[in-house]
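Here are the chains, one letter per residue:
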Amino acid sequence: MKIAIDADQVFLDFFGTWKDFAEKVLGRNLKTLNDSYDLYYHYGLSLQEIFKVAVLFEDAGLWGEIRPIPEAIEVLEGLLDRGHEIHVITGIPSSFIAQREAQLKEIFPKHFNKRFFLHLSKNPYIWFSQAPSKELILKRLKPVFYCDDLWFHCEEAQKAGVPIIKRIRSVHDGGGKPVVGIEVCSDLPEAIAQLLDTNK
């Protein structure tokens, strides 16, 4: 079975990694003020603080050190060991894709570029991105399943004709309005359990 997934907040904890680093840089504890996807509102930071943390985060090479979510990694390893094919579609800045690739090779050494593949997609927040949209990548891949923490990427999967789509609840609101016909799961293990149950 061909499965496609997002990375951050699906099996990599970007928000947790970013928050821990930001607290060290800013020298104070950050409180979650709301469930906004935008870090500016989520933690009530100034634009100067966001910029400072972002620059130092990138300089520290942390796009290649996002904390894995253990339960999600375990589920993915189980799928790979059973012969399923997994395609990760990520919208990080293109200059850091090598860092992400190195991290995923380390996490999935037996399967990387054999049953586990990485694809760079356009990020709507990066206007100069030359990468294809997730919709175009999904149209080409034709997976039976896709999951993401952002509503607009779930909508792209819907437009691409992916049969089963799940939105992962995560720690934010999904960055937009809910999409009709797409179920929300608490995490990747729940989404995959539902997929496997459907395909018995």
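Only a predicted model underlies this, so the values are computations on that prediction, with no experimental measurement involved.

1. Re helix H3 (residues 47–59)
Consideration 1: Taking 1.5 Å of rise per residue, 13 residues should cover 18 Å, and H3 covers 18 Å from first to last C-alpha, within 8% of that figure.
Consideration 2: Turning to H3, its buried residues number three or more, namely Glu49, Ile50, Val53 and Phe57. On an axial view of H3, the arc spanned by its buried residues comes to 100°, and they lie on one face. Among the exposed residues of H3, those oriented more than 90 degrees off its buried face are Leu47, Gln48, Phe51 and Asp59.
Consideration 3: Among the structural elements, helix H1 (14–26) and helix H2 (39–42) are those in contact with the buried residues of H3.
Consideration 4: Positive phi appears at Gly61, one or two residues downstream of H3, with a value of about 70°.

2. A word on the packing of aromatic side chains
Consideration 1: Considering all chains together, one arrives at twelve aromatic pairs under this definition.
Consideration 2: With 6.1 Å between their ring centres and 10° between their planes, Trp18 and Tyr43 make a pair best called stacked. Here the residue Trp18 occupies a position in helix H1, and Tyr43 occupies one in the loop between H2 and H3, the gap between them amounting to 25 residues. For the pair formed by Trp18 and Tyr43, the shared burial category is buried.
Consideration 3: Relative to Trp63, the ring of Phe57 has its centre 5.7 Å away and its plane inclined at 85°; by these criteria the two rings are edge-to-face. In this structure, Phe57 and Trp63 share a single accessibility class: buried.
Consideration 4: Linked through ring pairs, Phe14, Phe15, Phe21, Tyr37, Phe57 and Trp63 together constitute an aromatic cluster.

Definitions and cut-offs
- Each chain has its residues counted from 1, running along the sequence as written.
- Local features in this predicted model are restricted to residues of pLDDT 70 or higher, and side-chain atom pairs are both shown and tallied only at a pLDDT of 80 or more, whereas totals for entire chains, interfaces and linings draw on every residue.
- Only hydrogens and water are set aside; all other atoms, that is, all heavy atoms of the structure, feed into the side-chain values.
- Helix and strand assignments come from DSSP, with helices taken as H or I runs of at least 4 residues and strands as E runs of at least 2, each series counted from the N terminus.
- Expected span, for any helix, means 1.5 Å times one less than how many residues it has.
- Whether a residue is buried, partly exposed or exposed follows from its accessible area with a 1.4 Å probe, protein chains only, as a fraction of its type maximum: under 20%, in between, or over 50%, in that order.
- It is the directions from the helix axis to the C-beta atoms whose arc is reported.
- The criterion used for residue contact is that any of the two residues' heavy atoms lie within 4.5 Å.
- By convention, a stacked pair of Phe, Tyr or Trp rings (six-membered ring in the case of Trp) has centres within 6.5 Å and planes under 30 degrees apart, an edge-to-face pair has planes over 60 apart, and any other such pair is tilted.

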